[in-house]
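Now for the letters of each chain:
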Amino acid sequence: MSTRKHTALPKAQILIEALPWLTRHRGRTVVIKFGGNAMVDEDLKAAFAQDVVFLHHAGLRPVVVHGGGPQISAALDRHGLVSEFKAGLRVTTPEAMDVVRMVLAGQVQRELVGLLNQHGPLAVGITGEDAHTLTATRHQPLIDGEPVDIGRVGEITALDTGAIEALLADGRIPVVSSIARSEDDGHVYNVNADTAAAALAAALGAETLMVLTDVEGLYEDWPNSDEVISRLTATELEKLLPELSSGMVPKMEGCLHAVRNGVRTARVIDGRVQHSILLEIFTDEGIGTMVVPDEPEAHA
Ligand SMILES: Nc1ncnc2c1ncn2[C@@H]1O[C@H](COP(=O)(O)OP(=O)(O)O)[C@@H](O)[C@H]1O
Ligand SMILES: CC(=O)N[C@@H](CCC(=O)OP(=O)(O)O)C(=O)O
């Protein structure tokens, strides 16, 4: 046996280890939410794009939904507008809405599309406004039991997955910005990107929702300990929800919505770890937090 063949063997071993996962996930839809906080490093963004393209070539159907909270805050600051959050959502005045739309659709989405398309003519960016993908009405969160007006923040009332399905059927990778058309006044709404990703995962009948963020997963006793909860059922998560704080609330509510509406697993994983998507899909060493539907009750 030549030395060259011999040294290549471990590579073949690694590829073969992925075979059961490739068989299981082939043809399945996976919605990947890339959070603005995990998007700070150029190498990480490039590795994210490589992973998504890898999934595509491995026969999965990845759909990317992106955030951009920090990027929006920076742009608002440059425009002399303040960033204020209530119940974890950005108070969005009509002027702020223009900036949100510009940053999400014109900056963050364009950058991700560009990175993905370095690998071929794959990614197509859309916002929830396109082809009625996301329709919303004004969201008024309850704070101390009272509905509060936070401006042009939307609550999704309808989804039309036709445009995304058409792109997937054409072998493309849809990249979706979390802006919705208004069902009532002809304007647009700012939707939290975790919420949009979860709603799309459910509507698309995705196998997996994967939420990449800037922590290892859901910490059991945040901020006092960094013990990550590795797996929990929908009912276990539902009990935990009232104890969660700001950034984790829409993420975990989204995971719950997804698994209660047909998605097989919803995972929160560390977007700061290079190739965390591949580790999660193709190896046993699942990292982060995995939410699964409740076990069906055993019948006698
Ligand atoms: N129980 C928890 N476990 C992990 N992170 C938590 C928890 N509660 C609140 N957080 C906060 O949520 C943040 C992630 O949410 P967010 O800032 O909205 O990120 P992204 O931009 O990825 O959507 C973490 O950086 C952490 O500060
Ligand atoms: C209503 C609302 O809060 N919308 C978010 C949309 C972007 C987002 O969700 O970005 P991350 O995933 O990076 O947090 C915002 O304006 O920041």
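Description of the structure in this document. As the structure is a prediction and not an experimental result, all values here were calculated from the model.

**Some points on the pattern of salt bridges**
Then, number 1: Under the criterion given, the structure shown has 16 salt bridges.
Then, number 2: For Arg272, the salt bridge is made with Asp270, and the minimal N-O distance between the two is 2.8 Å.
Then, number 3: Classification of Arg272 as partly exposed rests on a relative accessible area of 44%.
Then, number 4: Several salt bridges converge on common partners, so that one network encompasses Arg28, Glu207 and Arg264.

**A closer look at the site of ligand 2**
Then, number 1: As a structural note, the neighbourhood of ligand 2 is formed by 15 residues, with Lys33, Gly36, Arg90, Asn190 and Ala193 the closest of them.
Then, number 2: Interatomic distance of 2.4 Å between a side-chain N/O atom of Lys33 and an oxygen atom of ligand 2.
Then, number 3: Within the side chain of Asn190, a nitrogen or oxygen atom sits 2.9 Å from an oxygen atom of ligand 2.
Then, number 4: Counting atoms within 2 Å of the grid points, the majority share of ligand 2 lands in the largest pocket.

**Brief notes about the sheet that holds strand E12 (residues 188-190)**
Then, number 1: Read from one edge of the open sheet, four strands run E9-E6-E11-E12, paired in mixed fashion. The strands lining the two open edges of the sheet, one partner per strand, are strand E9 (154-159) and E12. Each strand of the sheet is rotated relative to its neighbour by a mean of 50 degrees, with strand direction disregarded.
Then, number 2: Note that strand E6 (residues 134-138) and strand E11 (residues 179-182) share two bridges and pair parallel. Counterpart to Thr135 in the pairing with E11 is Arg181.
Then, number 3: The strands that helix H5 (residues 94-116) touches are E11 and E12; relative to E12, the one it contacts most, it runs at about 75 degrees.

**A short note on the pairing of strand E10 (residues 173-177)**
Then, number 1: The element E10 is largely enclosed, with a buried count of five among its five residues.
Then, number 2: By the alternation rule, side chains of E10 split into Ile173, Val175 and Ser177 and Pro174 and Val176, which are all buried.
Then, number 3: Across three bridges, the pairing between strand E2 (residues 61-66) and E10 is parallel. The partner of Val64 across the bridge, within E10, is Val175.
Then, number 4: Across five bridges, the pairing between strand E5 (residues 123-127) and E10 is parallel.

**Let's talk about the site of ligand 1**
Then, number 1: Around ligand 1 lies a shell of 17 residues, among which Asn37, Thr213, Asp214, Tyr219 and Lys251 are the nearest.
Then, number 2: In this structure, an oxygen atom belonging to ligand 1 sits 3.1 Å away from a side-chain N or O atom of Lys33.
Then, number 3: Asn37 is positioned with one of its side-chain polar atoms (N or O) 3.0 Å from an oxygen atom of ligand 1.
Then, number 4: Relative to its unbound accessible surface of 580 Å², ligand 1 loses 83% to contact with the protein.
Then, number 5: If you map ligand 1 onto the pockets, it falls in the largest pocket.
Then, number 6: Among the residues making up the shell around ligand 1, the classes are represented as six nonpolar, seven polar and four charged.

The rules behind the values
- The residue count restarts for each chain, going from 1 along the sequence in the order it is written.
- Here every chain gets a letter starting at A, and every ligand a number starting at 1, in the order they are written.
- The model is predicted, so local features are restricted to residues of pLDDT at least 70 and side-chain atom pairs to those at 80 or more, both for listing and for counting; the totals for chains, interfaces and linings are taken over all residues.
- As a rule here, side-chain values cover all heavy atoms of the structure and leave hydrogens and water aside.
- Think of a salt bridge as a Lys or Arg side-chain nitrogen and an Asp or Glu carboxyl oxygen that are within 4 Å of each other.
- Buried residues are those whose accessible area, probed at 1.4 Å on protein chains only, stays under 20% of the maximum for their type, while exposed residues exceed 50% and partly exposed ones sit between those limits.
- In this text, near means that some heavy atom of the residue lies within 4 Å of the molecule or strand in question.
- Between N or O atoms, a polar contact is any pair within 3.5 Å; within protein, one atom must be a potential hydrogen donor and the other a potential acceptor, and residues adjacent in sequence are included only when both atoms are from side chains.
- Cavity and pocket criteria rest on a 1 Å grid covering protein atoms alone: a 1.4 Å probe that fits but cannot get out defines a cavity, protein on both sides within 12 Å along at least 5 of 7 lines defines an open pocket, and an atom within 4 Å of a point defines a lining residue.
- Assignment to a cavity or pocket requires that more than half of a molecule's atoms be within 2 Å of the site's grid points.
- At least two bridges found by DSSP between two strands is the condition for calling them paired.
- Where helices and strands are cited, they refer to DSSP runs of H or I of at least four residues and of E of at least two residues respectively, numbered from the N terminus.
- Lines are fitted to the C-alpha atoms to define the axes, a helix being fitted only along its stretch in contact, and any angle between axes, read from their N-to-C directions, falls within 0 to 180 degrees.
- We call two residues in contact whenever any of their non-hydrogen atoms come within 4.5 Å of each other.
- Only the protein chains shown count as covering a residue, and every accessible area follows the Shrake-Rupley method with a 1.4 Å probe.
- Each residue gets one of three labels, nonpolar for Ala, Val, Leu, Ile, Met, Phe, Trp, Tyr, Cys and Pro, charged for Asp, Glu, Lys and Arg, and polar for the others, Gly among them.

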